[in-house]
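Examination of the molecular architecture
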Amino acid sequence: MTLSIESPRPNLITTAANPPVSQAEMEQAVRTLLIGLGEDPDREGLRDTPKRVVKALQFLTSGYRQSLDELLNGAVFHENANEMVLVRDIDLFSSCEHHILPIIGRAHVAYIPDHRVIGLSKIARICEMYARRLQVQERLTAQIADAIQGLLMPQGVAVVVEATHMCMVMRGVQKPGSWTVTSAVRGVFAEDPKTRQEFMDLVMHQRGFRA
């Protein structure tokens, strides 16, 4: 096989389960947390912290306000291609939904086209869109695979995500250096062990999994 490697935030946040919440209400919630931690939110160093925290969280969860159609912008092309395409070492920054602490890692994404290909940068943007939500790594890995499978209907998709979770490093068991690896395989990658092994060999080469 051949191988190819390669907005302003709204003031109201709406989710399916909750009514709109204003910027001011969100900032007040941060002030309440600061007071609960024994801090004075009116002291100089913390005076603008509620505004900064809300702005940071809106950025880190901006994937909720993106759609695949907008992200792709028509970058799906008909090509006489049926060999593996792999984009490796895509940096990922997400947030654990249990503690809202960082998940830091990278994704490796491959697919085997069925005469439809996607712009390579869009693969990284798909990873980024799902990462910028409150996540668990298992769901994030599956969402990336299912998105590409649904968009291209390829012969198969394979995704590996390797990440370290600050909820394990900074608190709880406090185990720096621990890495979690998750995978999702679809189509021929699930059905054909040789194809799946080729993908894993390419991912593990040189800058692959960390010990």
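- Identification of the protein as GTP cyclohydrolase 1 from Limnothrix redekei LRLZ20PSL1 is taken from an unreviewed UniProt entry.
- Regarding the protein, the relevant UniProt record gives this comment under Pathway (unreviewed entry): "Cofactor biosynthesis; 7,8-dihydroneopterin triphosphate biosynthesis; 7,8-dihydroneopterin triphosphate from GTP: step 1/1."

As for the overall build of the protein
- Counting its regular elements, the protein contains eight helices and eight strands.
- By element, 54% of the accessible surface of the protein is carried by carbon and sulfur atoms, the whole surface being about 12,000 Å².

With respect to helix 2 (residues 49-60)
- In this model helix 2 runs 16 Å from its N-terminal to its C-terminal C-alpha over 12 residues, within 8% of the 16 Å that 1.5 Å per residue would give.
- Among the residues making up helix 2, those that are buried are Thr 49, Pro 50, Val 54 and Gln 58. Projection of helix 2 onto a plane perpendicular to its axis shows the buried side chains occupying an angular sector of 165°, all on one side. Helix 2 presents Arg 52 and Lys 55 as exposed residues on the side facing more than 90 degrees away from its buried surface.
- Contacts from the buried residues of helix 2 go to helix 1 (23-36).

What to know about the nonpolar core
- With 29 residues, the main nonpolar core has Val 109, Tyr 111, Ile 123, Ile 126, Tyr 130, Ile 144 and Ile 148 as its most contacted residues.
- Those elements that provide at least two residues to this core are helix 3 (68-72), strand 3 (85-96), strand 4 (102-112), strand 5 (116-118), helix 4 (120-131), helix 5 (137-152) and strand 7 (156-165).
- Among the elements that make up this core, the one with the highest residue count is helix 5 (seven residues).
- Excluding residues within four positions of it along the chain, Tyr 130 makes contact with Leu 68, Gln 135, Leu 140, Gln 143, Ile 144 and Ala 147.
- In terms of nonpolar packing, the next biggest core, distinct from the first, is built from 10 residues, Ile 112, Val 188, Phe 199 and Val 203 among them.

Notes on the packing of aromatic side chains
- Taken as a whole, this structure holds one aromatic pair when the rule is applied.
- Between the aromatic rings of Phe 189 and Phe 199, the centroid separation amounts to 5.9 Å while the plane-to-plane angle is 70°, which identifies the pairing as edge-to-face. Separated by 10 residues along the polypeptide, Phe 189 in helix 7 (residues 188-191) and Phe 199 in helix 8 (residues 193-204) bring together distant segments of the chain. Assigned by exposure class, Phe 189 and Phe 199 land together as buried.

Thoughts on empty space enclosed by the protein
- Empty space within the largest cavity amounts to approximately 30 Å³.
- Along its surface, the largest cavity is lined by Leu 92, Phe 93, Ser 94, Ile 103, Ile 104, Gly 105, Arg 106, Leu 140, Val 161, Glu 162 and Ala 163.
- Secondary structure elements with two or more residues in the lining of the largest cavity: strand 3, strand 4 and strand 7.
- A per-element tally of the lining of the largest cavity places strand 4 first, with four residues.
- Split into classes, the residues belonging to the lining of the largest cavity amount to seven nonpolar, two polar and two charged.

Rules of the game
Residues numbered from 1 in each chain as written. Predicted model: local features only at pLDDT ≥ 70, side-chain atom pairs only at ≥ 80, totals over all residues. Heavy atoms only, no water. UniProt positions renumbered as here; feature names shortened; annotations may be inferred. Helix = DSSP H or I, 4+ residues; strand = E, 2+ residues; numbered from the N terminus. Areas by Shrake-Rupley, 256 points an atom, 1.4 Å probe, with all protein chains shown as cover. Expected span 1.5 Å × (residues − 1). Buried < 20%, exposed > 50% of the residue type's maximum accessible area, 1.4 Å probe, protein only. Arc of directions from axis to C-beta. Contact = heavy atoms within 4.5 Å. Core = buried A, V, L, I, M, F, W, Y, C linked by side-chain atoms within 4.5 Å. Phe/Tyr/Trp six-rings, centres within 6.5 Å; stacked < 30°, edge-to-face > 60°. 1 Å grid on protein atoms, 1.4 Å probe; cavity = no way out; pocket = protein on both sides within 12 Å on 5 of 7 lines; lining within 4 Å. Points joined across faces, edges and corners; volume = space filled by probe spheres on them. Nonpolar A, V, L, I, M, F, W, Y, C, P; charged D, E, K, R; others polar.

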